[in-house]
Amino acid sequence: MTKHPARDARVFLYHLPEYDVGRIREIVGSTMAELGLRPRGRTLVKPNLVMAGEMCQHAYTRPEIIEGVLGALQDRDAGEMSELAVGERSAITVPTRFTYHEAGYEPVFERTGAKKYCFEEVPQLEVRYTHDERLRDYVFIPEPVVKADFFVNCPKLKAHPWTTVTFAMKNYIGIQDDRHRLIDHDHALNKKLADLQYVIQPQLIVIDGVIAGEGRMLTPMPRNMNLLILGNNQVAIDSVTCAIVGVDPRGVDHIRFAHERGFGPIDLDDIRVGGDVSLDEAKERGRGFKIGLIRVEKYFEGTSIQAYAGRPPSGPKGDDYCWGGCPGVMEEVIEILRVADEQCDRKLPRIHMVFGDYKGPLDVSYGEKVIFVGDCVSWEGELGGELVKIRSKYKDRAELDPHDVKHKDVYARMAKMALKLREAREKPYVRVEGCPVSIGELMFLVAELGGLKNPYFDKRALYFNQAYLEWRGKTVLERLKGVPYQVSGDNAHGEAKPRDLAPPPQGGE
Ligand code: SF4
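Residues numbered from 1 in each chain as written. Predicted model: local features only at pLDDT ≥ 70, side-chain atom pairs only at ≥ 80, totals over all residues.

A.B. asks: How would you summarise the overall build of the protein chain if you had to cite specific residues and measurements?
C.D. replies: The helix and strand tally for the protein chain stands at 16 helices and 19 strands. The C-alpha atoms of the protein chain give a radius of gyration of 22 Å, which matches the 23 Å a tight globule of 509 residues would have. Every one of the 509 residues in the protein chain was classed for burial, and the buried ones make up 50%. (Helix = DSSP H or I, 4+ residues; strand = E, 2+ residues; numbered from the N terminus. Rg over C-alpha atoms; globule rule 2.2 N^0.38 Å. Buried ≥ 20, exposed ≤ 12 C-beta atoms within 10 Å, placed from the backbone.)

A.B. asks: Describe the packing of helix α7 (residues 189–196) against helix α9 (residues 253–260), with residues and values.
C.D. replies: Close contact between α7 and α9 brings their axes to 8 Å; oriented N to C, the two are set at 40°. Relative to α9, the element α7 lies oblique. Between α7 and α9 lies a crossing whose hand is right-handed. Of the residues in α9, those in contact with Asn190, Lys191, Leu193 and Ala194 of α7 are Asp253, His254, Phe257 and Ala258. Broken down by class, the residue content of the contact of α7 with α9 amounts to four nonpolar, two polar and two charged. (Axes fitted to C-alpha atoms, helices over the stretch in contact; angles between N-to-C directions. Parallel < 35°, antiparallel > 145°, perpendicular 65-115°, else oblique. Left-handed = near helix turned anticlockwise from the far one by under 90°. Contact = placed C-beta atoms within 7 Å. Nonpolar A, V, L, I, M, F, W, Y, C, P; charged D, E, K, R; others polar.)

A.B. asks: Any chance you could break down the site of the ligand for me, citing the residues and the numbers?
C.D. replies: Within the structure, the ligand sits among 13 residues, and Cys322, Gly325, Gly374, Cys376 and Cys435 are positioned closest to it. Among the secondary structure elements, those contributing two or more residues to the shell around the ligand are β14 (351–357) and β15 (369–383). By residue class, the composition of the shell around the ligand is seven nonpolar, four polar and two charged. (Near = placed C-beta within 6 Å.)

A.B. asks: How would you explain the environment of arginine 261 if you had to name every residue and give the values?
C.D. replies: For arginine 261, the location among the structural elements is in the loop between α9 and β12 (272–275). Residues arginine 261 and tyrosine 198, spaced 63 residues apart in sequence, show a C-alpha to C-alpha distance of 9.9 Å.

A.B. asks: Any details on the domain arrangement of the protein chain? Residues and values, ideally.
C.D. replies: Looking at the assigned domains, one finds that the protein chain contains domain 1 (11–292 + 490–495) and domain 2 (296–457). Distance between the C-alpha centres of domain 1 and domain 2: 30 Å. Residue-level contacts link 25 residues of domain 1 with 27 residues of domain 2. Every element with two or more residues in the side of domain 1 that touches domain 2 is listed here: β6 (138–142), α6 (178–181) and α7. A breakdown of the residues in the side of domain 1 that touches domain 2 according to their chemical character gives 14 nonpolar, six polar and five charged. (Domains from an automatic or database assignment.)

A.B. asks: How would you sum up the environment of proline 484? Please name residues and give values.
C.D. replies: Along the chain, proline 484 turns up in the loop between α16 (461–480) and β18 (486–487). Overall, the presence of 11 C-beta atoms within 10 Å leaves proline 484 in the exposed class. With 361 residues separating them along the chain, proline 484 and proline 123 place their C-alpha atoms 6.6 Å apart.

A.B. asks: Lay out the packing of helix α1 (residues 21–35) against helix α2 (residues 63–76) with the relevant residues and their values.
C.D. replies: Interhelical geometry of α1 versus α2 gives an angle of 45° and a closest axis separation of 8 Å. Classified by the angle between their axes, α1 and α2 sit oblique to one another. α2 is crossed by α1, and the crossing has right-handed handedness. Between α1 and α2, the contacting residues are Val21, Ile24, Arg25, Val28, Gly29 and Met32 on the first element and Glu64, Ile65, Glu67, Gly68, Val69, Gly71, Ala72, Asp75 and Arg76 on the second. Its residues assigned to classes, the contact of α1 with α2 comprises seven nonpolar, three polar and five charged.

A.B. asks: Can you lay out unusual backbone geometry for me, pointing to particular residues and giving the numbers?
C.D. replies: Proline 436 follows cysteine 435 through a cis peptide bond whose omega is 0°. Despite not being glycine, threonine 164 shows a phi value in the positive range, around 70°. Note on placement: threonine 164 falls in strand β9 (residues 164–166). For threonine 164, a count of 23 C-beta atoms within 10 Å puts it in the buried group. Residue asparagine 226 is not a glycine yet carries a positive backbone phi of 50°. The topology assignment puts asparagine 226 in strand β11 (residues 221–231). In this structure asparagine 226 comes out as partly exposed when scored by C-beta crowding, with 16 C-beta atoms within 10 Å.

A.B. asks: Pulling in residues and values, what's your account of helix α14 (residues 410–426)?
C.D. replies: In a regular helix each residue adds 1.5 Å, so 17 residues correspond to 24 Å; α14 covers 25 Å between its end C-alpha atoms and thus fits that length. Those residues of α14 lying buried are Val410, Met417 and Ala424. The buried residues of α14 occupy one face: seen down the axis, they fall within an arc of 25°. Those residues of α14 that are exposed and angled more than 90 degrees off the buried face are Tyr411, Ala412, Ala415, Leu419, Arg422, Glu423 and Glu426. (Expected span 1.5 Å × (residues − 1). Arc of directions from axis to C-beta.)

A.B. asks: Explain the pairing of strand β16 (residues 386–390) to me, and be specific about the residues and the numbers.
C.D. replies: Little of β16 sits inside the fold, with zero of its five residues counted as buried. Hairpin connection, β15 to β16: the antiparallel pair is bridged by two residues, and glycine 384 has positive phi, about 55°. (Pairing = 2+ DSSP bridges.)

A.B. asks: Tell me about α2, and name the residues and values.
C.D. replies: End to end, α2 covers 20 Å across 14 residues, agreeing with the expected 20 Å (1.5 Å per residue, within 8%). By the criterion of burial, α2 is predominantly enclosed, with eleven of the 14 residues buried. For α2, the set of buried residues is Pro63, Glu64, Ile65, Ile66, Glu67, Gly68, Val69, Leu70, Gly71, Ala72 and Leu73. Here the buried face of α2 lies against α1, β2 (41–47), β3 (81–88), α4 (106–112), β7 (150–154) and β10 (204–214).

A.B. asks: Before we move on, could you go through the confidence of the model for the protein chain and cite the residues and values that matter?
C.D. replies: Confidence along the protein chain averages 87 in pLDDT terms, with 92% of residues attaining 70 or more. The model gives residues 1–6 a pLDDT under 50, and that stretch makes 13 contacts with residues more than four places away or in other chains. A low-confidence stretch, residues 497–509 stays under pLDDT 50, and its non-local contacts, those more than four residues away or across chains, total 26 contacts. (pLDDT = per-residue confidence, 0-100.)

A.B. asks: Please give an account of the environment of histidine 407 that cites residues and values.
C.D. replies: Along the polypeptide, histidine 407 turns up in the loop between β16 and α14. The sequence separation of histidine 407 and aspartate 178 amounts to 229 residues, and the corresponding C-alpha distance is 7.0 Å. Beyond its immediate chain neighbours, meaning those up to four positions away, histidine 407 contacts Asp178 and Arg179.

A.B. asks: Can you explain the nonpolar core? Please cite residues and give values.
C.D. replies: One finds Val69, Val206 and Val373 to be the most contacted residues of the largest nonpolar core, which totals 147 residues. Looking at which domains feed residues into this core, each of domain 1 (11–292 + 490–495) and domain 2 (296–457) gives three or more. Sequence-distant contacts of valine 373, that is, excluding residues within four places in its chain, are made with Cys326, Met330, Met353, Val354, Phe355, Val432 and Val437. (Core = buried A, V, L, I, M, F, W, Y, C linked by C-beta atoms within 7 Å.)

Encoded structure:
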């Protein structure tokens, strides 16, 4: 095992009764002073804006946190900061410019003058990995991340269906655009997250734990914890936050992997914890916190959905369940539909959902539909008097080349699902492909099959369309001007290394 770097890992726990920008600015500024940090060069703040808006009120880093952080960075600038920016890529093909708007970030950009990056709209640079445990040799990363000189990671404290929790390290899934984010977003997700740590390490981490999110990640239940958690090391801050919510950090694979690769300490004895809330008091606030990581069969017990999960294609000795992929997608889908339509569970007819290489029987009665989910699904048996053979279409990850992956247009996906819907109305089963299947596609299909309110057609659709057209219009214009979207080889970045694992003290304070 690699020993964690000698860098002094610090975590600070502060009481924050409400989202008060002035107080956040003060806490972040004084913590930066204690750590001897001053922003320099291109300074980038990365929130968690996976989704925002009415249905996802507790899923994202609140704008007050970002405004406080931006203000503190400006206060601490000794004239060396050349750019102050916020950057993110939202999930499920929603344009990030739409999410910024829904999350209330636009007034923050106006008040602070910070630049806004939508990572799907900027050039993607090839970053090469050389560490032994890597899943692949290179990945594509948005230019503002690759070129950041000072990086501040501002995640939300939440549960997660694929990775148990999402704090600092998991927030890195948003440093890739859609086409690259979904590569290895399956049972290797925790390894992917550990690999992404080599791209960049933050000088500062600020976790929004004021109103945390329990149970799931897109539509979490609010949990008042009144905590602002700050630190200078990803593994250390994630380990302390795990302790607060009663989770063993060694049981969260990406945290353990990053620790084993030398990114930071996982044992609380190796981490200096300060601030105005003791760790014991913080643990008291996190007592009984509902985490994610529930197998799909159990998740849907007692509902109209019956789930059947077989092995993903990682061999007989590999994972027996795809924690990072399709089963968790379906758990998030149902929760979005429940928020969109309060009659969801009452309206949904009985549906069977099959994942992975499933060898058992399906308990299907006349008229009930079966959805086979994902590229790797396989099953053989009789449905509606017909012998059905579903074969795996899974492509080994070694065959996936990040150079060649294509963007999947949200409207093209919806059109594809409309065809699937027609198929499902004519046959007792339908197959939805993808590795993983996209949340948007599955949501569209289940909403239409169940006669539920479809979130894609809610009252925000008009603004969503406008944001989408602006994004695609900008991209087309840049291609016409000859700006490449992906940059490879020596023109890109070169070799990834855990920069700033042990940064020299700055500012002399
Ligand atoms: S198709 Fe879905 S369940 Fe199968 S390996 Fe890919 S993400 Fe996992």
